[in-house]
Each structure stands twice: as structure tokens, then as C-alpha cells.
Amino acid sequence: MRQAAEAPDASTTVECPECGEPSSPARISTWGHCRACRTADSRAIQPLRW
């Protein structure tokens, strides 16, 4: 139960250091930026091949 009390609220957002868009604190702490920046970064490294 203690972890649930310490977990950030789902409605809490922080700004992405890369683009400034609001994102969840978990994504920022895990990846260092928001999901859109993560996707863009991964596409730059490994582009989709059709």
C-alpha cells in the first residue's frame, strides 16, 4: 500500500526536456523524454523499412 501512496498521480504531468510537451513523470524518468521524442529518436536510429 505504501507504493501506491508514493506513486505519482496519473493526472500529474511534467514538461518534456526535448520538446516541452506535457508527459507523464514515469516516461521522463525512464526514457529522459516523452513518447513522441522516443519514437522520433528510435526512427532516426532504425528507420521503418517497407
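If you're wondering where the values come from, they're calculated on a predicted model, not measured in any experiment.

### A few points about the side chain of Ser 23
And then number 1: With respect to the helices and strands, Ser 23 occurs in strand 2 (residues 22–23).
And then number 2: Residue classification places Ser 23 among the buried residues on the basis of a relative accessible area of 6%.

### A few points about the environment of Gly 32
And then number 1: By secondary structure assignment, the location of Gly 32 is in the loop between helix 2 (25–31) and helix 3 (35–45).
And then number 2: The class for Gly 32 is partly exposed, based on a relative accessible area of 30%.
And then number 3: When the C-alpha atoms of Gly 32 and Glu 18 are compared, they prove to be 8.5 Å apart, with 14 residues separating the residues in sequence.
And then number 4: Apart from residues no more than four positions distant in its own chain, Gly 32 is found in contact with Pro 17 and Arg 27.

### Overview of the confidence of the model for the protein chain
And then number 1: Summary statistics for the protein chain give a mean pLDDT of 79 and a share of 78% for residues scoring 70 or more.
And then number 2: A low-confidence stretch, residues 1–6 stays under pLDDT 50, and its non-local contacts, those more than four residues away or across chains, total zero contacts.

### Digging into the state of the cysteines
And then number 1: Summed over the entire model, instances satisfying the criterion amount to zero disulfides.
And then number 2: Among the cysteines around Cys 34, which has no disulfide bond, Cys 37 carries the closest sulfur, lying 3.7 Å off.
And then number 3: Overall, the relative accessible area of 6% leaves Cys 34 in the buried class.
And then number 4: The exposure class assigned to Cys 37 is buried, which follows from its relative accessible area of 17%.

Thresholds, definitions, all that
Every chain is numbered on its own, with residues counted from 1 as its sequence reads. Owing to the predicted nature of the model, reporting of local features is limited to residues with pLDDT of at least 70; listing and counting of side-chain atom pairs is limited to 80 or more, with chain, interface and lining totals taken over all residues. Processing note: side-chain calculations cover all non-hydrogen atoms of the structure and skip hydrogens and water entirely. By the criteria applied, helices consist of DSSP H or I runs no shorter than four residues and strands consist of E runs no shorter than two, each listed in order from the N terminus. For every residue, the accessible area (1.4 Å probe, protein chains only) is compared with the maximum for its type, and the residue is labelled buried under 20%, exposed over 50%, or partly exposed between those bounds. The contact definition used throughout considers only heavy atoms, calling two residues in contact when any of these lie within 4.5 Å. Note on scores: pLDDT gives the predictor's confidence for each residue, bounded by 0 and 100. Note on terminology: disulfide denotes any pair of cysteine sulfur atoms within 2.5 Å.

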